[in-house]
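Next come the chains, spelled out residue by residue.
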2 protein chains.
Amino acid sequence: MNFNKVDEKVVKRLKEVVGDNYVLTDPEKMESYSHDEVTGDKYKKMPEVVVLPANALEIASIVQLANEKIIPIVPRGAGTGYAASSVPFLGGIVVSTERMNHILEVDEENMIMVTEPGVRTGEVQTVAAKHGYLYAGDPCSGDSSFIGGNVATNAGGNKAVKYGTTRQQVSGIEIVTPKGEITTLGGKLKKDSTGYCLTQLMIGSEGTLGIITKVYLKLMPKPKNVMDLLAVFPTSQQAVKAVPKIIHSGIMPLCVEFMANNSIKTCENFLQEKLPHSDVGNYIIVSVEGDNEQVLEEQCMLIDDICSQNKALETLVADSERIWKARKSFGEADRACSLIFSAEDIVVPPSQVANMVEKMQIISKKYGIAINCVAHAADGNVHADILKENMDIEIWNELLPKLRHEVYTYVYSIGGKLSGEHGIGYKRVHLLEEFANPVELKMMKAVKKALDPNNIMNPGKVIQI
Amino acid sequence: MNFNKVDEKVVKRLKEVVGDNYVLTDPEKMESYSHDEVTGDKYKKMPEVVVLPANALEIASIVQLANEKIIPIVPRGAGTGYAASSVPFLGGIVVSTERMNHILEVDEENMIMVTEPGVRTGEVQTVAAKHGYLYAGDPCSGDSSFIGGNVATNAGGNKAVKYGTTRQQVSGIEIVTPKGEITTLGGKLKKDSTGYCLTQLMIGSEGTLGIITKVYLKLMPKPKNVMDLLAVFPTSQQAVKAVPKIIHSGIMPLCVEFMANNSIKTCENFLQEKLPHSDVGNYIIVSVEGDNEQVLEEQCMLIDDICSQNKALETLVADSERIWKARKSFGEADRACSLIFSAEDIVVPPSQVANMVEKMQIISKKYGIAINCVAHAADGNVHADILKENMDIEIWNELLPKLRHEVYTYVYSIGGKLSGEHGIGYKRVHLLEEFANPVELKMMKAVKKALDPNNIMNPGKVIQI
């Protein structure tokens, strides 16, 4: 790929579009735009320039300029991604949506919230709740992530068991296309069979098919009560095997999370807070929600029964704040143990979670590398953080690809895939080349070429052209 | 578009692929493949040849042949569509999936059913229920439609309020691409962010981007109880305006259907069965489901309250069989009144249903043409059957396009679209050209050209190349 550099003329043009104050070229100011949450120097790259546009029209002008000059565009939300999607490895213009941070409308009649892409996910949730609604998207990074980034990566999170991933929360988007045109896909509609569903194609395309400039989010009536249960099991296998039984009971839980013992201990050390049975326990956290308290209590009793039959040491009503704080600290806690680590986002058929967790334990032993696991267990989404700790960086760089190759060879052998919610980005682009069905990969590349003929929109991410 | 004709050599090659018995060229045998449920001679066209393949490999060979010879392929399910998607207007090979009618697997652990495309929707529902599961797709044509057709058109139906359209029921598909290659998209996964979501792009593409040869369907635990309420209102406006209040109450109903008085009368006449308050009533049918009977009863009381406050004449526990028979007879009943009619499938933001229904009444009066309305009211999906009755065909052919133009000009002015669940097919292809956002339309065309460079896959449907 032969891209041109950002020169002074381009910077001048960018300043004409967004104003002098919103074009950054100072390395100190650009440093925080040089990486996301993926650790290690190979996932960092200083931008040539960062622009902070105010609206879709400005973004359209920037993209038109990039096409004219054949310069990459790298869209960026809050930089909380785990796939290095927003890092400008091939140079070009980083387009941050941070100034496009307004909630435009809460349409109560249609139960739709319309936002700009730079609104924090947590703010979407809070504003929805103030109006008596639930916004069901709930990635662990919700306090800091932007809603536009959630849509671009099809973020998952804890409530996906009941409500699905971000894909299911979106009824429409406005985008700037790779050619610099603006269009709305979908809208305030509950259903739509009016031609190809480009909305769903765009969701999860990680800024490679366009920049999201507006989002139409589905709201729903907020259930009155939520209860969290914590079931503690002596082994990870017993914990994970209880999950399908809970799902098959007819309860539709809000969340079903698994934490392996080593992950619990890591979070406990990081937070300096004692967690229940942390010496030997493996956790299943189950949340149920609904309007009727009695029904919830019956569901909790049923879950208690199921867990007891599966040899739980104890099932208790959880100290919600504490247990979710622990669960959500997983990434940070692993980083505190090991400045460099590889966060895997394996997804397998739910029936295979127990096998997958066991396989990770075997691989961890084989390579002598610690792997901490948690899982959105009912979704089949296993987060495995592979920790470098004190290993020599050269050995790490040699072993990690072998280890990941072994992991994904197994994952694909049991019907799984590379990513449940973090996306492909730059981090998994070589793995996708290796493991995806070649016909599917060809189709993805054909779609990319068709919509972005100059390959300027986040090039080198998701697929290689 | 310059397509070649099916000649004797092509027929011979087709016979080599699928066997002599499964290639039809006799006009009498092909007649039933010359139309779908769209009425009128202009929506009929006799196929050049019909093939009945047994599996994906045979379909791949047929598509490869079609590419070699530049002959259109027209995929066909049960022919129950309302958009003339499966009619071979440009000639070519009709590929019927009727022999691919096997349920391949009911995977209880992962709650996934794997089927061939030619299985009837009703059979999917029945087999799911036998295993204690719910398959939530439920188009009105379910007794006769094929599941592959449901996926190809993103069929909606009565349960979409709670469960969404077919799009939400599918976790994966196997397809034969327009180039004659076979690939699986998605699988037995609950979530997936592994590259572009081609599964969702294919769903609802009406056979223009490939032929579906296998479907992975989501199952869920079957709720123990369902209750149907029938609320009767003196005016259609009062009926429709009660709907958002039911949704906002926090009840998540399974169905919320609206039937206007003229539609009730038409169904009553067709079925020769007296329906409650059919003299003046307009219906809202609400179904609620759940495991706990007491909760359901409370929900029914709340719905009763809401309807009473909105001036319902009566709210009663419905005679379910009778009321659903009436609702589902809508299309047939209209056909019995008027052999030729135009079934519109308008979708608008739910808050606009009342305005939409009123607008249809005004337009009906203006043109002196009867329009019968029912609606999946909570989804904003208004079915309006425009009846020719005894009108002279030439006048009808002149007036109908004007009437439809007026309808969709209004629909787009209130944020609506052409189709909620029937699709674009051939019937709405000109309307899409006229009403879709030009940038979106260009994107759709670019995707089509990229995936089907010879434009052989159901050409002339959805979009015009």
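The rules behind these values
- Residues numbered from 1 in each chain as written.
- Chains lettered and ligands numbered in written order.
- Predicted model: local features only at pLDDT ≥ 70, side-chain atom pairs only at ≥ 80, totals over all residues.
- Heavy atoms only, no water.
- Least-squares fit on C-alpha atoms with pLDDT ≥ 70 in both.
- Contact = heavy atoms within 4.5 Å.
- Pairing = 2+ DSSP bridges.
- Helix = DSSP H or I, 4+ residues; strand = E, 2+ residues; numbered from the N terminus.
- Axes fitted to C-alpha atoms, helices over the stretch in contact; angles between N-to-C directions.
- Buried < 20%, exposed > 50% of the residue type's maximum accessible area, 1.4 Å probe, protein only.
- Parallel < 35°, antiparallel > 145°, perpendicular 65-115°, else oblique.
- Left-handed = near helix turned anticlockwise from the far one by under 90°.
- Nonpolar A, V, L, I, M, F, W, Y, C, P; charged D, E, K, R; others polar.
- Core = buried A, V, L, I, M, F, W, Y, C linked by side-chain atoms within 4.5 Å.
- Buried area = accessible area lost by both parts, 1.4 Å probe.
- Salt bridge = Lys/Arg side-chain N within 4 Å of Asp/Glu carboxyl O.
- Polar contact = N/O pair within 3.5 Å; in protein donor to acceptor, adjacent residues only side chain to side chain.
- UniProt positions renumbered as here; feature names shortened; annotations may be inferred.

A.B. asks: What's the story with the relation of the copies chain B and chain A in this structure? I'm lost.
C.D. replies: One chain copy maps onto the other through a rotation about an axis and a shift parallel to that axis. For the match of chain B to chain A, the screw axis carries a shift of 0.0 Å, the RMSD comes to 0.0 Å, and the turn is 180°. The symmetry that links the two subunits is that of a two-fold axis. The share of interface residues of chain B whose copies in chain A are also at the interface is 100%, consistent with both copies meeting through the same surface.

A.B. asks: Please explain the sheet that holds strand β9 (residues 182-186) of chain A as it appears in this structure.
C.D. replies: Strands in a sheet are paired, the pairing made by backbone hydrogen bonds, and the direction either parallel or antiparallel. Residues and elements named next belong to chain A. Taken in spatial order, the five strands of this open sheet run β5-β6-β10-β8-β9, and their pairing is antiparallel. Two strands close off the open sheet at either side, each with one partner strand: β5 (103-107) and β9. Averaged over all pairs of adjacent strands, the angle between strand axes in this sheet comes to 15°, irrespective of strand direction. Strand direction decides the pairing type here: strand β8 (residues 170-176) and strand β10 (residues 211-218), joined by six bridges, are antiparallel. Each residue of the ladder has a partner; that of Gly172, found in β10, is Tyr216.

A.B. asks: How do you make sense of the pairing of strand β12 (residues 225-233) of chain A when you look at a structure like this?
C.D. replies: Both faces of the sheet carry side chains from a regular strand, because those side chains alternate between them. Residue and element names in this part refer to chain A. Taken across its nine residues, β12 has seven buried, putting it largely inside the fold. Across nine bridges, β12 lies against strand β14 (residues 282-290) in antiparallel orientation. Its bridge partner lying in β14, Asn225 is registered against Gly290. Pairing of β12 with strand β15 (residues 314-317) involves four bridges; the strand directions are antiparallel.

A.B. asks: Would you explain the packing of helix α8 (residues 236-248) of chain A against helix α13 (residues 353-367) of chain A in this entry?
C.D. replies: Any two packed helices are characterised by the angle at which their axes cross and by the distance between the axes. Residues and elements named next belong to chain A. It is at 9 Å that the axes of α8 and α13 come closest, and there the two elements cross at 160°. By the angle class used here, α8 and α13 are roughly antiparallel. Crossing handedness for the pair α8 and α13: right-handed. Contact with α8, carried on its side by Ser236, Gln237, Val240 and Lys241, involves Val353, Ala354, Val357, Glu358 and Gln361 of α13 and no other residues of that element. Looking at the contact of α8 with α13, its residues break down into four nonpolar, three polar and two charged.

A.B. asks: How do you make sense of the packing of helix α13 (residues 353-367) of chain B against helix α14 (residues 393-413) of chain B when you look at a structure like this?
C.D. replies: All names here are of chain B. Contact geometry of α13 with α14 gives a least axis separation of 11 Å together with a crossing angle of 155°. Between α13 and α14, the crossing angle belongs to the class labelled roughly antiparallel. The hand of the α13/α14 crossing is right-handed. The segment α13 lies against α14, with Asn355, Met356, Lys359, Met360, Ile363, Lys366 and Tyr367 engaging Leu399, Lys402, Leu403, Glu406, Val407, Tyr410 and Val411.

A.B. asks: Please explain the nonpolar core as it appears in this structure.
C.D. replies: Across soluble globular proteins, nonpolar side chains show a tendency to be buried alongside one another. In terms of nonpolar packing, the biggest core is built from 185 residues, with Leu201 and Met356 of chain A together with Leu201 and Met356 of chain B touching the most fellow members. The contacts of Leu201 of chain B, once residues within four sequence positions are left out, are Tyr196, Leu198, Leu201 and Val447 of chain A together with Leu209, Val447 and Leu451 of chain B.

A.B. asks: How should I be thinking about the interface of chain B and chain A in this particular structure?
C.D. replies: Many authors give the size of an interface as the accessible area that is lost as the parts come together. Chain B puts 81 residues into the contact, and the matching count from chain A is 81 residues. Surface buried jointly by chain B and chain A totals about 6300 Å² across both partners, of which 62% is contributed by carbon and sulfur atoms. Along the contact surface separating chain B from chain A lie eight salt bridges. Viewed at the interface, chain A and chain B are joined by 26 residue pairs in polar contact (both at pLDDT 80 or more).

A.B. asks: In this structure, what is going on with unusual backbone geometry? I would like to understand it.
C.D. replies: A negative phi angle characterises most non-glycine residues, just as the trans form characterises most peptide bonds. All names here are of chain B. With a phi close to 55°, Gln272 is a non-glycine residue in the positive phi region. Tracing the chain through its elements places Gln272 in the loop between α9 (261-271) and β14 (282-290). Despite not being glycine, His277 shows a phi value in the positive range, around 50°.

A.B. asks: Which parts of the structure should I look at to understand the UniProt feature "domain: FAD-binding PCMH-type" (unreviewed entry) in chain A?
C.D. replies: Annotation from UniProt places "domain: FAD-binding PCMH-type" (unreviewed entry) at residues 43-222 of chain A. As annotated, residues 43-222 of chain A comprises 22% helix and 24% strand, and the C-alpha atoms at either end are separated by 40 Å.

A.B. asks: Can you help me understand the pairing of β9 of chain A in this one?
C.D. replies: Residues and elements named next belong to chain A. As paired elements, β8 and β9 share five bridges and run antiparallel to each other. Paired with Ile173 across the bridge in β9 is Leu185. Linkage of β8 to β9, two consecutive antiparallel strands, is achieved through a turn of five residues, within which Gly180 is found at a positive phi near 85°.

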